[in-house]
Amino acid sequence: MKFLCVSKIWSSLIRSQRFVSSYYAAKPSRFIVAFTNSVFGDPKRLFIFSGEEETSSSSLVANLDITIPSVTLPHGGFKYCTVHGFMACCNGLEFIICNPSTGQVVTFSRKAKGACLGYDPVGDQFKALTLLTSVYAHNPSFMVHEVIRLGGGGRVVSRTRVTSPPYHPMTVGLSINGFMYYGASVPNQSAAPTPVFVCFDVRYERILSFITTPKEVLVWQAFTSLIEYKGKLAVVVPDCLGSTSFDRFNLWILEDVKKHEWSKQTFELPLSLPFTLGMCQRMISQGTNKAGEIIFSPSTLPGRAQPFYVFYYNTDTRNMRRVRIHGVADTEEFWSRYGLTGVCSASFSPQHVDSIAFI
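An unreviewed UniProt entry lists the protein chain under the name F-box associated beta-propeller type 3 domain-containing protein, with Brassica carinata as the source organism.

Set out below in structure tokens:
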């Protein structure tokens, strides 16, 4: 009976937001590397690695946490960020959420392709947003979204619908402090489409606003990387139009959400990074670490059993360091064991926090 009583107390504590939050604060920040083999072939499998972040090391070690069969990441400049300890990805009409710390994997069905995971820190609630209206619809009068509220045990608590004025999505979503942001364009009958950022309030389940933005921020999807920079929405835009590499980038920061005010900073890199639009390796921004360094990582694995490198750029000192991530498919034995072939799409997420929670 004593053991049963203690067990119930610990179970109650683990489920509480206060306990989970204190657990997050005590754990060091980690990074996540996810990649899929044979984007255009079989077998398909999603690999998820994680490791501890360090602010000055030239090499880090990643360990394989989860492999999920029959899943691929889209090729190109896409990435999948982690949200409050969980990672989400889309596979056709399936929405997959996993916890690298516990190994939990849950799959939800959706009524349309493409979805974003958001988190409400006040209600301690995960929600997925899906756009039901086709982007190819001819002059829709409004857009329809589905909000899936997720509960314990991998179940769907509710599904609600939200409407908004018409727009065309351009980027994947990014969750910051209870809000979800993604780039879009609003049709204009008398002029070119207006670039905006859609702001979705996760707690109240509503499209809060269309945040107007300078045209050069949302050039097009492959050139636009949304990141959280010092608690604010920011966009990294490489200066590489007409080139296969870049040695300079612009950092746009949303300074005031209500007034739609942006600031711009331009940074010169000590060396050029590849940005080929074809099947070759491309460096894209994947966010920042705790030290505020902006991170660039390849959108594909560098090749069969080749070292995996990411680049950390310090905006204060203007220095950049190359960091090797050991253990990410960098041996012939790993490629042979899992039958890896061809181009492997990759995604790197910094500042991932371990979570003991179960969705």
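Still more to cover.
Novice: Mind laying out the overall build of the protein chain, listing which residues take part and the relevant values?
Specialist: Scanning the protein chain from terminus to terminus reveals three helices and 26 strands. Long-range pairs, those at least 24 residues apart, make up 49% of the contacts in the protein chain with a sequence separation of at least 6. A total accessible area of about 16600 Å² is found for the protein chain, and carbon and sulfur atoms account for 53% of it.

Novice: A description of the nonpolar core should follow, citing residues and the corresponding values.
Specialist: With 23 residues, the main nonpolar core has Phe35, Leu301, Phe308, Ile325 and Phe348 as its most contacted residues. Looking at this core, the elements with two or more residues in it are strand S1 (30-36), strand S2 (45-52), strand S24 (309-313), strand S25 (320-326), helix H3 (332-338) and strand S26 (345-352). The residues contacting Phe348, other than those within four sequence positions of it, are Phe31, Ile32, Val33, Gln286, Ile295, Ser297, Phe308, Val310, Tyr312 and Ile325. Core analysis: the next-biggest nonpolar cluster, separate from the first, contains 20 residues, Ala234, Ile253, Phe267 and Phe275 among them.

Novice: Summarise the sheet that holds strand S22 (residues 283-288); cite the residues concerned and give the values.
Specialist: Strand order in the open sheet formed by five strands is S3-S25-S24-S23-S22, with mixed pairing between adjacent strands. Since the sheet does not close on itself, it has two edges, and those belong to strand S3 (59-61) and S22, each with one partner. Averaged over all neighbouring strand pairs, the angle between strand axes comes to 30 degrees, with direction disregarded.

Novice: How would you sum up the pairing of strand S9 (residues 116-120)? Please name residues and give values.
Specialist: A large share of S9 lies buried, amounting to five of its five residues. Judged by which residues are buried, S9 turns out to be covered on both faces: Cys116, Gly118 and Asp120 on one side and Leu117 and Tyr119 on the other are all buried. Bridge count for S9 against strand S10 (residues 125-131) is five bridges, and the pairing is antiparallel. Residue pairing in the sheet places Gly118 in a bridge with Lys127 of S10.

Novice: How would you explain the sheet that holds strand S4 (residues 63-69) if you had to name every residue and give the values?
Specialist: Ordered by their spatial adjacency, four strands build an open sheet running S4-S2-S1-S26, and the pairing between neighbours is antiparallel. Pairing within the sheet leaves two strands with one partner each, and these edge strands are S4 and S26. Shown here is a sheet whose adjacent strand axes are inclined to one another by a mean of 20 degrees, direction ignored. Pairing of S1 with S2, which is carried by seven bridges, proceeds in the antiparallel orientation.

Novice: So, the packing of aromatic side chains: which residues are in play, and what are the values?
Specialist: Considering all chains together, one arrives at 19 aromatic pairs under this definition. Ring centres of Tyr167 and Phe210 lie 5.6 Å apart, and the angle between their planes is 80 degrees; this geometry places the pair in the edge-to-face category. On the criterion of sequence distance, the pair formed by Tyr167 in the loop between strand S12 (155-164) and strand S13 (168-169) and Phe210 in strand S17 (residues 206-212) is long-range, its members being 43 residues apart. The interplanar angle of 55 degrees and the centroid separation of 5.8 Å between the aromatic rings of Phe246 and Phe296 together place this pair among those described as tilted. Taken together, the residues span a long stretch of sequence, with Phe246 in strand S20 (residues 245-256) and Phe296 in strand S23 (residues 294-298) at a distance of 50 residues. Accessibility expressed as a relative area gives 1% for Phe246, which makes it buried. Each residue in the set Phe246, Phe249, Phe267, Phe275, Phe296 and Tyr313 is aromatic and connected to the rest through ring pairs, giving one cluster. When the ring centre of Phe275 is taken as origin, the NZ or CZ atom of Arg282, which lies over that ring, is 5.3 Å away. Looking at Arg322, its charged tip hangs above the ring of Tyr309, at a distance of 3.9 Å from the centre.

Novice: Which residues make up the side chain of Ser349, and what values do they have?
Specialist: On the secondary structure map, Ser349 appears in strand S26. Residues in contact with Ser349, not counting those within four places in the same chain, are Arg30, Phe31, Ile32, Tyr80, Cys81 and Thr82.

Novice: Help me get a handle on the environment of Thr317, residues and values and all.
Specialist: Position of Thr317 relative to the elements: it lies in the loop between S24 and S25. Classification of Thr317 by relative accessible area gives partly exposed; the value is 45%. A sequence separation of 24 residues divides Thr317 from Glu293, and the C-alpha atoms of the two residues are 10.0 Å apart.

What counts, and at which threshold
Residues numbered from 1 in each chain as written. Predicted model: local features only at pLDDT ≥ 70, side-chain atom pairs only at ≥ 80, totals over all residues. Heavy atoms only, no water. Helix = DSSP H or I, 4+ residues; strand = E, 2+ residues; numbered from the N terminus. Contact = heavy atoms within 4.5 Å. Areas by Shrake-Rupley, 256 points an atom, 1.4 Å probe, with all protein chains shown as cover. Core = buried A, V, L, I, M, F, W, Y, C linked by side-chain atoms within 4.5 Å. Buried < 20%, exposed > 50% of the residue type's maximum accessible area, 1.4 Å probe, protein only. Pairing = 2+ DSSP bridges. Axes fitted to C-alpha atoms, helices over the stretch in contact; angles between N-to-C directions. Phe/Tyr/Trp six-rings, centres within 6.5 Å; stacked < 30°, edge-to-face > 60°. Lys NZ or Arg CZ within 6 Å of the ring centre and 35° of its normal.

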